[in-house]
Amino acid sequence: MIKVVDLHKNFGDLHVLKGISEEFSQGEVVSIIGPSGSGKSTFLRCLNLLETPTSGQIFFEGADITAKGIDIDKHRQKMGMVFQHFNVFPHKSVLENITLAPVLLKKKTKEEAQKQAMELLQRVGLADKAQEYPKRLSGGQKQRLAIVRALAMEPDVMLFDEPTSALDPEMVGEVLAVIRDMVRTTGLTTIIVTHEMGFAREISDRVLFMDEGVIAEKGTPQEIFGNPQNPRTKEFLSKVLNA
Amino acid sequence: MIAITVDLFVKYFGMFMEGMGYTLYMAAITVFFGTIFGTLICLVRSVKFPPVRWLAVAYVEIVRGTPLLLQMYLAYFLLPEIVNFDISKMQSVLVALIMNSAAYVSELIRAGIQAVDKGQAEAARSLGLSSVLTMKEIILPQAIKNILPALGNEFISIIKESSLGSSFFVGELMTVRSLLTGALYLTIEPLLIAGCLYFFLTFTLSKLIGVFERRLAVSD
């Protein structure tokens, strides 16, 4: 479904991604873990070209989205993304946040989009907030809204960029519950950059450990968390799990 | 002195009001067209082809780096050479004011757009919106809230700067002052009246903008 070939990314002199090749298959749930500055977020943001790779190729559903002249907007419609800082639209109501893209991009009529949005809001427990503006929502509610906004485009893959890192601790659970529910009920291909090790272990089919711009180790959650081979993985896990 | 000032104001009330009318007219025309051209400059600045971009940057830098009075003189002497029809003094002065204001307004707009969180554009693009749709639906509606109060302040600035038009006797408030000083040999009193009227205009407007700004903040 997504195939990455020898991906490099430089920010000026800083070599952030140093040759990443990886494949994500249909319906797979993959967590990307690793220390800060290891390039995990940059890698995720390259997948929908929010960051332009310096070199390398990314194939999404067979199309090389790094090729010149490709209509990336078309492909992005199939790739939902959830951000660390929610990035909900403050000048739109909760309902409009969700219906905006499907209606503008003519995927749905306004009525269809609103009906679907209400169903989605129901699922994440925000139906009573439909007419509110985001500033009246808590962090956890904003992030649930952001997830629903992405799902409303009916994507083929969901990318989560540290979805709980900016949340107050008591709100982490509600957002993780929504992601868990989404994964179970939709079977969507999901890639999550996260610092929630317990969650990564529970939800993932595979875990990638990134360090210094490369995938240093990958495997099933049991392999990575239970029996890590790479000394850097061991060191990282011992730090975060014993914290 | 106070008695003379009050007398003068009462006697020449009509002239002062006419001068104030011209001042407001010049500020309104300038901000209106300044905003249109300022937006255009902003658009040119976002063109992908660098030499075109540099032209806009150079324009803004030069206009902001030279005195408005000089620009008015330049317009006053240069425009009649360039255009084939009769151009009044007022029109020359307005052209200079508009071209000057456009440079400042383009910076206001740019700053207003840049003040919108980068994550907003990323979220919109990640949903598949084009850069044009993102600008129109997500960035501009939020940037407007930063830009409108700044445009109000620009209007206040122009009210004051239009006084330079008195060098060309275009009829605004400072021209009225010059006329009265010349005719009556009174130096201080006409200045005091003009000063009070300018302050009345700018103070009232800045209070109005304050109210308007709080309204915008509420709907956030």
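None of the values given here were measured: they were computed from a predicted structure. All residue numbers refer to positions counted from 1 along the written sequence of the respective chain. Each chain gets a letter, beginning with A, and each ligand a number, beginning with 1, in the order they are written. pLDDT decides what is reported in this predicted model: residues at 70 or higher carry local features, side-chain atom pairs at 80 or more are listed and counted, and totals for whole chains, interfaces and linings draw on all residues regardless. Each side-chain value is worked out from all heavy atoms of the structure, with water and hydrogens disregarded.

Turning next to the overall build of chain B. On a plain count of helices and strands, chain B comes out with 9 helices and 0 strands. Secondary structure follows DSSP: runs of H or I at least 4 residues long count as helices, runs of E at least 2 residues long count as strands, and numbering of each begins at the N terminus. Ordering the α and β elements of chain B from the N terminus gives α-α-α-α-α-α-α-α-α. Considering only C-alpha atoms, chain B reaches an extent of 70 × 45 × 25 Å along its principal axes. Think of it in three bands: with a 1.4 Å probe and only protein chains considered, a residue is buried below 20% of the maximum accessible area for its type, exposed above 50%, and partly exposed in between. Burial statistics for chain B: of 220 residues in total, 41% are counted as buried. Should any heavy atoms of two residues lie within 4.5 Å, those residues are counted as being in contact. When contacts within chain B are restricted to residue pairs at least 6 apart in sequence, those whose partners lie at least 24 apart make up 76%. Accessible areas in this description were obtained via Shrake-Rupley with a 1.4 Å probe; residue shielding takes into account the shown protein chains only. If you sum the accessible surface of chain B, you get close to 11900 Å²; carbon and sulfur atoms cover 71% of it. In this tally, Lys and Arg are treated as positive and Asp and Glu as negative; His is ignored, and so are the chain termini. Charged groups are reduced to one reference atom each: NZ for lysine, CZ for arginine, CG for aspartic acid, CD for glutamic acid. Averaged over its 16 positive side-chain charges, chain B has a centre that lies 7 Å from the centre of its 15 negative ones.

Moving on, we get to the packing of aromatic side chains. Side-chain rings of Phe, Tyr and Trp (the six-membered ring for Trp) are treated as a pair once their centres are within 6.5 Å; stacked means planes under 30 degrees apart, edge-to-face means over 60, and tilted covers the remaining angles. Applying the stated rule across the entire model yields 10 aromatic pairs over all chains. Aromatic side chains Phe209 of chain A and Phe236 of chain A sit 5.4 Å apart centroid to centroid with 45° between the ring planes, which places their arrangement in the tilted category. One end of the pair, Phe209 of chain A, is in strand 9 (residues 206–211); the other, Phe236 of chain A, is in helix 9 (residues 231–241), and 27 residues separate them in sequence. For the residue pair Phe209 of chain A and Phe236 of chain A, the accessibility class agrees, reading buried in each case. With centroids separated by 5.1 Å and ring planes inclined at 85°, the aromatic side chains of Phe32 of chain B and Phe33 of chain B adopt a geometry described as edge-to-face. Residue Phe32 of chain B is classed as exposed on the basis of its relative accessible area, which comes to 52%. Look at Phe33 of chain B and you get partly exposed, because its relative accessible area is 32%.

All names here are of chain A. With respect to the helices and strands, the residue Asp211 is situated in strand 9. A polar contact is formed between the side chain of Asp211 and the side chain of Arg232, at a distance of 3.0 Å. If near-sequence neighbours (up to four positions away) are discounted, Asp211 is found in contact with Pro35, Ser38, Ala216 and Arg232. Contacts described as polar in this section are N or O atom pairs within 3.5 Å, which, within protein, must combine one atom able to donate a hydrogen with one able to accept it, while residues neighboring in sequence count only if both atoms come from side chains.

Residues and elements named next belong to chain A. A pair of strands is treated as paired once DSSP finds two or more bridges between them. Ordered in space as 6-7-8-3-9-10, the 6 strands form an open sheet in which the pairing is mixed. This sheet does not close on itself; its edge strands, each paired only once, are strand 6 (79–82) and strand 10 (214–219). When strand polarity is set aside, the average angle formed by the axes of neighbouring strands in this sheet is 20°. Against the sheet, helix 5 (residues 139–151) touches strand 6 and strand 7 (157–161), its axis set at about 170° to strand 6. Angles run from 0 to 180 degrees between N-to-C directions of axes, and those axes are lines fitted to C-alpha atoms, restricted for helices to the stretch in contact.

This part covers the interface of chain A and chain B. Tallying the contact residues gives 23 residues for chain A and 19 residues for chain B. Taking both partners together, chain A and chain B bury about 1800 Å²; carbon and sulfur atoms supply 59% of that area. Accessible area that two parts lose when put together, with a 1.4 Å probe and added across both, is what the buried area reports. For the chain A face of the interface with chain B, the top three residues by lost area are Phe89, His91 and Leu104 of chain A, together amounting to 26%. Across the salt bridge formed by Asp73 of chain A and Arg125 of chain B, the nearest N and O atoms sit 3.0 Å from each other. One can count 6 residue pairs in polar contact (both at pLDDT 80 or more) joining chain A with chain B. Taken together, the elements giving at least two residues each to the side of chain A that touches chain B come down to helix 2 (72–76), strand 6, helix 3 (94–104) and helix 5 of chain A. Broken down by element, the side of chain A that touches chain B gets its largest block of residues, 3 residues, from helix 3 of chain A. Any Lys or Arg side-chain nitrogen found within 4 Å of a carboxyl oxygen on Asp or Glu counts as a salt bridge.

All names here are of chain A. Working rule for helices: expected span equals 1.5 Å times residues minus one. The terminal C-alpha atoms of helix 4 (residues 110–123) lie 20 Å apart, and with 14 residues this matches the ideal 20 Å at 1.5 Å per residue to within 8%. Turning to helix 4, its buried residues are Ala113, Gln116, Ala117, Leu120 and Leu121. Angular distribution of buried residues about the axis of helix 4 spans 140°; they occupy a single face of the element. For helix 4, the exposed residues lying more than 90 degrees away from the buried face are Glu111, Lys115 and Gln122. Gly125 occupies a position one or two residues after helix 4 and carries a positive phi of about 75°. Think of the arc as the fan of directions from the helix axis to the C-beta atoms.

Another aspect to go through is the confidence of the model for chain B. pLDDT gives the predictor's per-residue confidence on a scale running from 0 to 100. The share of residues in chain B with pLDDT of 70 or more is 99%, and the mean pLDDT across the chain is 94. Quick note on the complex model: pTM equals 0.86, ipTM equals 0.93.

Bringing the sheet that holds strand 4 (residues 55–60) of chain A into the picture now. Two orientations exist for strands paired in a sheet by backbone hydrogen bonds: parallel and antiparallel. Residue and element names in this part refer to chain A. In space, the 4 strands of this open sheet follow the order 2-1-4-5, with antiparallel pairing throughout. Strands with a single pairing partner mark the edges of an open sheet, and in this sheet they are strand 2 (14–24) and strand 5 (63–64). In this sheet, strand 4 lies alongside strand 1 (residues 2–11) in antiparallel orientation, the contact comprising 5 bridges. Bridge pairing in strand 4 links Ile2 to Phe60.

Quick look at helix 4 (residues 68–82) of chain B now. All names here are of chain B. The end-to-end C-alpha distance of helix 4, which contains 15 residues, comes to 20 Å, matching closely the 21 Å that a straight helix rising 1.5 Å per residue would cover. Of all the residues in helix 4, the buried ones are Leu68, Gln71, Met72, Ala75 and Leu79. In this structure, the buried side of helix 4 is in contact with helix 3 (50–65), helix 5 (89–114) and helix 7 (131–161).

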